[in-house]
Amino acid sequence: MPVRIAEVIEATSTKFTAGAYELLKAPPFGALVRAQARDDSMAIYGLVYDIRTSSRDFGARAVVRGRTYAGREVYDAEIYREHPDLAEVLQTEFSAVIVGFVEHSEIRQFLPPQPPPVHYSVYECDADEVTRFNQAVDYFRTVLFTPQIPGDEALAAALRIAARVSGDAHAFLVRAGREIAALLNDDYDRLTAILRRLRS
C-alpha cells in the first residue's frame, strides 16, 4: 500500500502545491507524484519542479538558530536536534506541473478535467509506476513549454530518474532524446543543453 507523503494545499488546472507531512522530506526535484482526485477511479500526475521550506505563518520568515544567546555554535542537522519545535513552525512544500492523469487504470498524458482538490492525498510514484507512465512521452511538450517553471531542468531530472528504473537506461535516454530533438528542432542551444543534462 503506498504511503501518502503530503496533501494538496493549492491547485490550478495546470499545477498543484502540496505540503509534506515531514519537514525536509519532499520528493526530489523531477520526481513523478500522484494526487488523488475526487473520483476514486482517477488520480492526477505531477512532475515536481519546485521545493521550498519556510515558516508556516504567512509572511513570516525563519529565524537564525545556529548560535545560542550564550554564544554556543550549532550547525546544520544539529540545529534540528537542538530545536525539535522547528517541525511545528516550519513547513516543507513542493509544487508540481500536471502532466497527466490515470482513469480506470488508463494513463492519459494531457490535462485532467479538474485539478486535485485541496487537502487530498499526494503520493510519490514508485519505480513501476514511473516506468509505466514513461511508456508514452506526450508530457514532454507540457513540461518544456509551461511558462514560469524550470521546465528544461525538471524534464532532464525526471528522465534521469526514469532511466534508472527503466531496465535499459541507454535505450530509454536515446528514445527520450529523439523526442526532445523533434520538439526543439529550431532551438539547437536549448536542445544541446538538455541533452547534456541527461548524461549527468
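Residues numbered from 1 in each chain as written. Predicted model: local features only at pLDDT ≥ 70, side-chain atom pairs only at ≥ 80, totals over all residues. Heavy atoms only, no water.

Caption draft 1: Local environment of the pairing of strand 5 (residues 90-103). Burial within strand 5 is extensive, with 13 of its 14 residues counted as buried. As paired elements, strand 2 (residues 15-20) and strand 5 share five bridges and run antiparallel to each other. Within the sheet, the bridge partner assigned to Thr 17 lies in strand 5 and is Ser 95. Note: strand 4 (residues 42-55) against strand 5, 13 bridges, orientation antiparallel. Bridged to Ala 43 within strand 5 is Val 102. Taken together, the three bridges between strand 5 and strand 6 (residues 106-108) define a ladder with antiparallel strand orientation. Residue Glu 103 lies in a different strand from strand 6, and its bridge partner there is Glu 106. Hairpin remark: strand 5 followed by strand 6, antiparallel, with two residues in the connecting loop; positive phi at His 104, about 50°. (Buried < 20%, exposed > 50% of the residue type's maximum accessible area, 1.4 Å probe, protein only. Helix = DSSP H or I, 4+ residues; strand = E, 2+ residues; numbered from the N terminus. Pairing = 2+ DSSP bridges.)

Caption draft 2: Spatial organisation of the packing of helix 5 (residues 151-165) against helix 6 (residues 169-183). At a minimum axis separation of 9 Å, helix 5 and helix 6 run at an interaxial angle of 150°. Between helix 5 and helix 6, the angle is such that the two are roughly antiparallel. Crossing angle aside, the handedness with which helix 5 passes helix 6 is right-handed. Taking contact as the criterion, the partners of Leu 155, Leu 159, Ala 162 and Ala 163 in helix 5 are, on helix 6, Ala 169, Phe 172, Leu 173, Ala 176 and Ile 180. Residues that form the contact of helix 5 with helix 6 fall into these classes: nine nonpolar, no polar and no charged. (Axes fitted to C-alpha atoms, helices over the stretch in contact; angles between N-to-C directions. Parallel < 35°, antiparallel > 145°, perpendicular 65-115°, else oblique. Left-handed = near helix turned anticlockwise from the far one by under 90°. Contact = heavy atoms within 4.5 Å. Nonpolar A, V, L, I, M, F, W, Y, C, P; charged D, E, K, R; others polar.)

Caption draft 3: Spatial organisation of helix 7 (residues 188-198). Along helix 7, the residues classified as buried are Leu 191, Thr 192, Ala 193, Ile 194 and Leu 198. Each element contacted by the buried residues of helix 7 is listed here: helix 4 (139-145), helix 5 and helix 6.

Caption draft 4: Region of interest: the nonpolar core. Core analysis: the largest hydrophobic core is formed by 32 residues, its most contacted members being Val 99, Phe 140, Leu 159 and Ile 180. Secondary structure elements with two or more residues in this core: strand 4, strand 5, helix 3 (127-133), helix 4, helix 5, helix 6 and helix 7. In terms of residue count, helix 5 provides more of this core than any other element does, seven residues in total. Those residues in contact with Ile 180 that sit more than four places away from it in its chain are Phe 140, Leu 155, Leu 159, Leu 191, Ile 194 and Leu 198. Ranked by size, the runner-up nonpolar core spans 16 residues in total, among them Met 42, Val 48, Phe 94 and Ala 96. (Core = buried A, V, L, I, M, F, W, Y, C linked by side-chain atoms within 4.5 Å.)

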